[in-house]
Each structure stands twice: as structure tokens, then as C-alpha cells.
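# Report on the structure
Listed below are the residues making up each chain.
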Amino acid sequence: MFRLAITLISLLSLLTGCALDKEEELRAQLGDWVTLGDTYFFASTSSCTAAVFHAESTRISSLLEPARSVDTGLKMLAEGQSVVFKVGGKSPNALVEAIMSRDLPHGIGVLNSGLAGVNCMSELVKSIYHQAIMNPASRMAFIPEGRAVLVVDPQAKAVIYVRGNG
């Protein structure tokens, strides 16, 4: 019985140590695209990551290729490129709807990526995220390599990153 308990504790400690992302590595990756301030929230498990950072500046670097239309963004996604959607007047939520209406597989991929990190969020972070994705002033980026969504909300001065492992 004692051996079984030790084995279970060992397995649990291994599972809790398997996070998708590490905060320092994520900050380094995102730091190439946006100027990050303090970390407001960071949680990463084996199945999801959610992070909220203060945005020192809400300008997104040209290192993250912009798409000024949904069609251009879809072409970039089809090529496996990371893309920031700079489609005027459309919230990230409206962009996902537009992507889904034009290309359902890519739309579902972006939607799933945007929803995947919700399981790692506190209730407060879920509220911040919801406000950001509904805000037409926010910019959404999709990073196919990690199937991640990045939302920069200029009103909240927040950078929100979400992803799942599937």
C-alpha cells in the first residue's frame, strides 16, 4: 500500500510539472512583438496556458506580419505564418466569425486556440479576456506554431495570450 501511495504521489508531481509554457520563455517570445510590463496573470498546465501582461506599449512590432483583410490573413495562415489581424472596426470575436464564414477549418482552428486557454483562467481573467475579444480596438494575432492566440487590448493596456495542447 505504501509503494502505491509513493507511486501515485510521484506521478502527480510529474504531471503538475509538465506545463506547456514557462513564463520567462513566453515573455521572451512575446517581447519580440509587444513591449511587456508586469505579469498580471500566468497559468500553464499540461493542457493549456493563459497569461495577461501589462502592455508598456500597445503597438505590435512589424516582426509579426499584419493582415489588413480577412482574406489576406487566411492566405498567411494557409502558409503557416503567424499573423496579426489589423482589420479596422472588427473585434477579435468578429474576426473569428468572419474567418469561420470564409474558411471553416482555419476558423475552427483559431476559435479552438482562443478557447483552449480559458480552462487555465481565473474568473477575473476570463472577464478581462471577454472584454478584450469584444473590443473593436483590440488586435488579435494567431501563432500557428503553438496554436496560440494573442490579443492586445489598448484600452485595458493588456496583452493576453492563450493556447491549448490540442
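Above this note sits the structure.
Reading the values: rules and limits
Per-chain numbering applies: the sequence of each chain, read as written, is numbered from 1 onward. Totals for whole chains, interfaces and linings use all residues, but because this is a predicted model, local features are given only for residues with pLDDT of at least 70 and pairs of side-chain atoms are given and counted only at 80 or more. Hydrogens and waters are ignored; side-chain quantities use all the structure's heavy atoms. A pair of strands is considered paired only if DSSP assigns at least 2 bridges between the two. Strands here are runs of E lasting at least two residues and helices are runs of H or I lasting at least four, both read from the DSSP assignment and numbered beginning at the N terminus. Contacts are residue-level and defined by heavy atoms, with any inter-residue pair within 4.5 Å sufficient. Every axis in this analysis is a line fitted to C-alpha atoms, fitted for helices over the stretch in contact. Angles between the N-to-C directions lie between 0 and 180 degrees. Here, nonpolar core means buried Ala, Val, Leu, Ile, Met, Phe, Trp, Tyr and Cys residues that are tied together by side-chain atoms lying within 4.5 Å of each other. Relative accessible area decides the class of each residue, using a 1.4 Å probe on protein chains only: under 20% of the type maximum gives buried, over 50% gives exposed, and in between gives partly exposed.

## Description of the sheet that holds strand β4 (residues 83-85)
With mixed pairing, seven strands are arranged side by side in an open sheet as β1-β2-β7-β6-β5-β4-β3. Only two strands of the sheet have a single neighbouring strand rather than two, namely β1 (35-44) and β3 (66-67). Alignment of β1 against strand β2 (residues 48-57), held across seven bridges, turns out to be antiparallel. Its bridge partner lying in β2, Thr35 is registered against Ser57. Helix α3 (residues 70-78) contacts β3, β4 and β5 (139-143) of the sheet and is inclined by roughly 165° relative to β4.

## Here we look at the nonpolar core
By size, the foremost hydrophobic cluster in this structure holds 31 residues, and its most contacted members are Phe85, Tyr129, Met140 and Ile160. Leaving out residues up to four positions away in the same chain, Ile160 has contacts with Ala51, Val52, Ile128, Tyr129, Ala132, Val149, Leu150 and Val151. The next biggest cluster of nonpolar side chains, apart from the first, holds 18 residues, and it includes Leu26, Ala148, Leu150 and Val152.

## Describing unusual backbone geometry
Even without being a glycine, Arg147 presents a positive backbone phi close to 50°. By secondary structure assignment, the location of Arg147 is in the loop between β5 and β6 (148-153). Judged by its relative accessible area of 42%, Arg147 falls in the partly exposed class. Not every positive phi belongs to a glycine, and Lys157 is a case in point at roughly 50°. Examined against the element boundaries, Lys157 turns out to sit in the loop between β6 and β7 (158-164).

As far as function goes, none of this settles anything; it's purely spatial.
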